[in-house]
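# Summary of structural features
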Amino acid sequence: MIATTIKQGRLFDPANQLDMIADMHINHGRIIAIGEAPSDFNAVKTIDATGLLVIPGLIDLSTRLGEPGMEHFTTIARETKAAVAGGITSLCVMPDTDPVNDTFAVTELIQRRARQAETAYVLPVGALTKGLKGEALSEMVAMHREGCIAFSQANKPVINTQTLFNAFDYAATHQLLVMMRPIDAYLGKDGVAHRGAISSALGLPDIPAATETLAVSRLLLLAEETGVRLHLSQISTARAVDMLAEAQARGLAVTADVAIHNLHLTEFDTADFASFMHVQPPLRSQRDCDALRAGVRSGIINAVCSDHTPLMHDEKLLPFPESVPGISGLESLLPLLLALVREKVLTLEQAITAVTHNPAKLLGINRGSLQVGSPADMALVDCEYDWLFNRHQLLSAGDNTPFHKWPLTGKVQSTLFQGRLVHQ
Amino acid sequence: MFGYPGLSTPNIQLHENGKLKHLLTLEGLKPHHIRDILDRADAFINSETRQIYKQPILKGKTIVNLFFETSTRTRTTFEIAEKSLGADVINLNVATSATKKGESLLDTIYNLEAMQADMFVVRHAESGAAHFFARHVAPHVHVLNAGDGRHAHPTQGLLDAYTIRHFKGKDFSQLRVAIVGDILHSRVARSQIQVLNLLETEEIRLVAPKTLLPHDASAMGAHCFTNIEAGLKDVDVVITLRMQNERMSSARLPSEQEYFETYGITEERLKLAMPDAIVMHPGPINRGVEITSRVADGPQSVILDQVTFGIAVRMAVISGIMQTQGDQP
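Residues numbered from 1 in each chain as written. Chains lettered and ligands numbered in written order. Predicted model: local features only at pLDDT ≥ 70, side-chain atom pairs only at ≥ 80, totals over all residues.

## Quick notes on the overall build of chain B
- For chain B, the count of helices and strands is 13 helices and nine strands.
- The C-alpha atoms of chain B give a radius of gyration of 19 Å, which matches the 20 Å a tight globule of 329 residues would have.
- Referenced to the eigenvectors of the C-alpha coordinate spread, the extents of chain B come out at roughly 55 × 45 × 40 Å.
- For chain B, buried positions account for 47% of its 329 residues.
- Across chain B, contacts joining residues at least 24 apart in sequence account for 75% of those joining residues at least 6 apart. (Helix = DSSP H or I, 4+ residues; strand = E, 2+ residues; numbered from the N terminus. Rg over C-alpha atoms; globule rule 2.2 N^0.38 Å. Buried ≥ 20, exposed ≤ 12 C-beta atoms within 10 Å, placed from the backbone. Contact = placed C-beta atoms within 7 Å.)

Now the structure itself:
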């Protein structure tokens, strides 16, 4: 391991209320000192971080990395390179792979690929039910032992409420975290756009806000009943934020995240049928977008994620309703968050907390901070760098982004993962 | 009126000089576009004898009718219009050919372009399909939307406006129009609402049970009525829409009988409208479901006029699009 000193960066770590310009010293993959180097420390490598923001490596709560099932298109090695280019060093991988990550063998495969790539910390999320079918429980304990950080149904709801109850009860027995995307099994099932002005005018099959709020209430009630640790993935409506706030106020240990694109885009962005705007949950109303922003600001929504879904060209080269929903989001997550800071929607502290300290805390991992002794995962960011986001220059195999040609300020200059420079 | 920021931004169906390159939707067009088309249509038909004037102005041009959804009436009137203009016409029912074999939509388009098509008349089951084609065709190829999902059916909207103009005069500003039926799933209704708004119609009423009304009608520039009697009161034009069987299977209506009882256009109900009100229907009619035969075949019905006018209007649209060039002033 290369002993490294990062010189004179602005060290910014909400977990430790750290905001100072200082040197940071790294050895054996860990942060060993801030400020003065230990007397026995000899830096082999020095990185000049003057003028740069040094933040903990980002933790992305929802990604898809292509393996297993899409190896002909992309791989964990390739997508984790894209992740670190965006400053993300820890990634939760959704279980809707092919085959589904519902046995420890698949979990082990994902872990092995990630270890071979050695680019970022890959955290598999196991399927709550076998095949995500909502019928039989998967072997959560065995998968947890193999490294599954949490259990989820990805985009598939559990139709049978008794099964969902049992799954939560079982997960609670073993203190396992469940990450659930709130979707009703039927309401808005064939929909492709938010039920509002645009879906009415364009005649797009719609997805009412109630498809989410119905599911939120169901999940919250069952979490309360079973005591399972529940995290709501990618909420998209104002009403869901209210329900979440109310549940938290009553003391329920429920957390939630929002996808970054739902903080920037609304239903109006779907008005010209651009298939890159086709996402799930859909881009909602301006009111919803405002409430989601306020939710992140107040901390009711704990984390912001990319919901990275790299897609092949053919999957988007279709009329809007037939195109596959999803955005390749790893490389735009941080710059789009910094855009919210520039717009004064969030403070820098709120923005960074939502992608470092909070996701680390809710996953229970020793990452997402610049604490001495913790793994040296960090991003060095030039916050003044003006650039045009360009989908043709992404490292991800998926160039499906609606942010092409967006003017952005702030770019990752280099990223360290466990003390190694994995991007520059 | 439609006033979304997103919708008013670059309109891919117009040349830079504002002339029509494609016709995908009536949204975003100016009243003069509509009036131009309707005026041009006059030149293709004798409004007394209903005779279509054939004018071989598109000789040597190839038009492909590309139907991803089966249709008899619309495809036939397009074909008559195209042939009356002297174009070479190819009908492709893609629902049963290429895409079933796994060929992608774009490959189908590229292959037809390679076969020297000048215009695609496209019908597709998904909203936004026509926009998709217009984005991907070669620059010299025109796209005419013959119906995409629930989104738009612009030539139907135009021929309906032409029909209303024929019977009610050019000034729409005193007219009340009721559109009765499944508005939610209807591309026809969306195009009708747009054209009626562009022609400054006094009032557009959407009459249906809530299960068949769009969520936000005010954003579309129309008023909703759930009561048929109130909706028909004093209107000058009654437009009836076709009720599809699948609305029963998808639990939006209990039965055809109950729909007829609550929203069917009968002679009795028609009396609530103005005495000289006209009755329209885009076809094909479900007699005894949305309308009685006595009304459909009665003195106030102009349903067959719509069909004939449709040929002239489509001739006006096709010739208009294919004769304009981007660089002309």
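Having put the structure on the table, let's press on.
## Some thoughts on the domain arrangement of chain B
Residue and element names in this part refer to chain B.
- You can read the domains of chain B as domain 1 (5-152 + 308-323) and domain 2 (154-307).
- Each of domain 1 and domain 2 has a C-alpha centre, and these two points are 25 Å apart.
- In this assembly, 27 residues from domain 1 lie in contact with 25 residues from domain 2.
- Put simply, the parts of the chain that give the side of domain 1 that touches domain 2 at least two residues each are helix 2 (31-42), helix 3 (73-84), strand 4 (142-148) and helix 13 (303-323).
- With six residues, helix 13 is the single largest residue contributor to the side of domain 1 that touches domain 2. (Domains from an automatic or database assignment.)

## Topic: the sheet that holds strand 9 (residues 278-280) of chain B
Residues and elements named next belong to chain B.
- Pairing in this open sheet of five strands is parallel, and the strands run 7-6-5-8-9 from one edge to the other. In the strand order of this sheet, the two ends are held by strand 7 (223-225) and strand 9, each with one partner. Put simply, the sheet's adjacent strands are angled 25° from each other on average, direction ignored.
- Looking at chain direction, strand 6 (residues 203-207) and strand 7 are connected through three bridges and run parallel. Bridge pairing in strand 7 places L206 opposite C224. (Pairing = 2+ DSSP bridges. Axes fitted to C-alpha atoms, helices over the stretch in contact; angles between N-to-C directions.)

## Some points on the packing of helix 4 (residues 161-173) of chain A against helix 6 (residues 210-226) of chain A
Residues and elements named next belong to chain A.
- It is the contact of helix 4 with helix 6, at a shortest axis distance of 9 Å, that shows an interaxial angle of 45°. Classed by the angle they form, the pair helix 4 and helix 6 counts as oblique. Crossing handedness for the pair helix 4 and helix 6: right-handed. Every residue of helix 6 that contacts helix 4 at L164, F165, F168, D169 and A172 is listed here: L222, A223 and T226.
- When the residues that make up the contact of helix 4 with helix 6 are grouped by side-chain class, the tally is six nonpolar, one polar and one charged. (Parallel < 35°, antiparallel > 145°, perpendicular 65-115°, else oblique. Left-handed = near helix turned anticlockwise from the far one by under 90°. Nonpolar A, V, L, I, M, F, W, Y, C, P; charged D, E, K, R; others polar.)

## Details of the nonpolar core
- Residues V54, A150, F151, V178, V304 and L337 of chain A are the most contacted members of the largest nonpolar core, which totals 115 residues.
- Ignoring anything within four residues of it in the chain, the contact list for V54 of chain A reads I6, G9, R10, L11, F12, M24, A49, M378 and L380 of chain A.
- Judged by nonpolar contacts, the second largest core, of 110 residues, contains L204 of chain A together with A222, I239 and Y263 of chain B. (Core = buried A, V, L, I, M, F, W, Y, C linked by C-beta atoms within 7 Å.)

## Some details on the domain arrangement of chain A
Residues and elements named next belong to chain A.
- When cut into domains, chain A gives domain 1 (4-53 + 375-423) and domain 2 (58-363).
- Here the C-alpha centroids of domain 1 and domain 2 sit 26 Å apart.
- Counting from both sides, the interface comprises 27 residues of domain 1 and, opposite them, 42 residues of domain 2.
- Of all the elements in the fold, those that place two or more residues in the side of domain 1 that touches domain 2 are strand 16 (378-388), strand 17 (407-417) and strand 18 (420-423).
- Of all the elements, strand 17 adds the most residues to the side of domain 1 that touches domain 2, at seven residues.
- Split by residue class, the side of domain 1 that touches domain 2 holds 16 nonpolar, eight polar and three charged.

## A word on the environment of R314 of chain B
Residue and element names in this part refer to chain B.
- Residue position: R314 is located in helix 13.
- In the structure, R314 is positioned 159 residues away from T155 in sequence and 6.4 Å away in space, judged by C-alpha atoms.
- When sequence neighbours within four positions are dropped, the list of residues in contact with R314 reads T77, F78, A81 and T155.

## Details of the interface of chain A and chain B
- At the interface, 22 residues of chain A touch 26 residues of chain B.
- When residues in the side of chain A that touches chain B are grouped by element, the largest group, five residues, is from helix 5 (residues 197-202) of chain A.
- Looking at the side of chain A that touches chain B residue by residue, the class counts come to 12 nonpolar, four polar and six charged.

## Some details on helix 5 (residues 129-136) of chain B
Residue and element names in this part refer to chain B.
- Burial analysis of helix 5 places six of its eight residues in the buried class, the great majority of the element.
- Residues of helix 5 that are buried: A129, A130, H131, F132, F133 and A134.
- Those residues of helix 5 that are buried lie in contact with helix 4 (105-114), strand 3 (119-124) and strand 4.

## Some details on unusual backbone geometry
- P99 of chain A follows D98 of chain A through a cis peptide bond whose omega is 5°.
- In this fold, P99 of chain A is placed in the loop between strand 7 (88-93) and helix 2 (104-117).
- Cis geometry is adopted by the peptide bond preceding P284 of chain B, which originates at G283 of chain B and carries an omega value of -10°.
- Here P284 of chain B lies in the loop between strand 9 and helix 12 (293-296).
- The phi torsion at H28 of chain A lies on the positive side, around 50°, for a residue other than glycine.
- Backbone geometry places D234 of chain B, a non-glycine residue, at a positive phi of 65°.
- Here D234 of chain B shows up in the loop between helix 8 (228-232) and strand 8 (237-240).
- Its 11 C-beta neighbours within 10 Å are what place D234 of chain B among the exposed residues.

## Re the pairing of strand 2 (residues 88-93) of chain B
Residues and elements named next belong to chain B.
- Bridge count between strand 1 (residues 62-67) and strand 2: six bridges; the pairing is parallel. Bridged to N65 within strand 2 is N91.
- Each parallel crossover has a hand, and the one from strand 1 via helix 3 to strand 2 is right-handed. (Right-handed = clockwise from strand over helix to strand, strands pointing away.)

## Points about the sheet that holds strand 6 (residues 58-63) of chain A
All names here are of chain A.
- Spatially, the eight strands line up as an open sheet ordered 6-7-8-9-10-13-14-15, and their pairing is parallel. Because the sheet does not close on itself, it has two edges, and the strands there are strand 6 and strand 15 (303-305). Across the sheet, the axes of successive neighbouring strands diverge by a mean angle of 30°, strand direction being ignored.
- Alignment of strand 14 (residues 255-259) against strand 15, held across three bridges, turns out to be parallel. Bridge pairing in strand 15 places D257 opposite A303.

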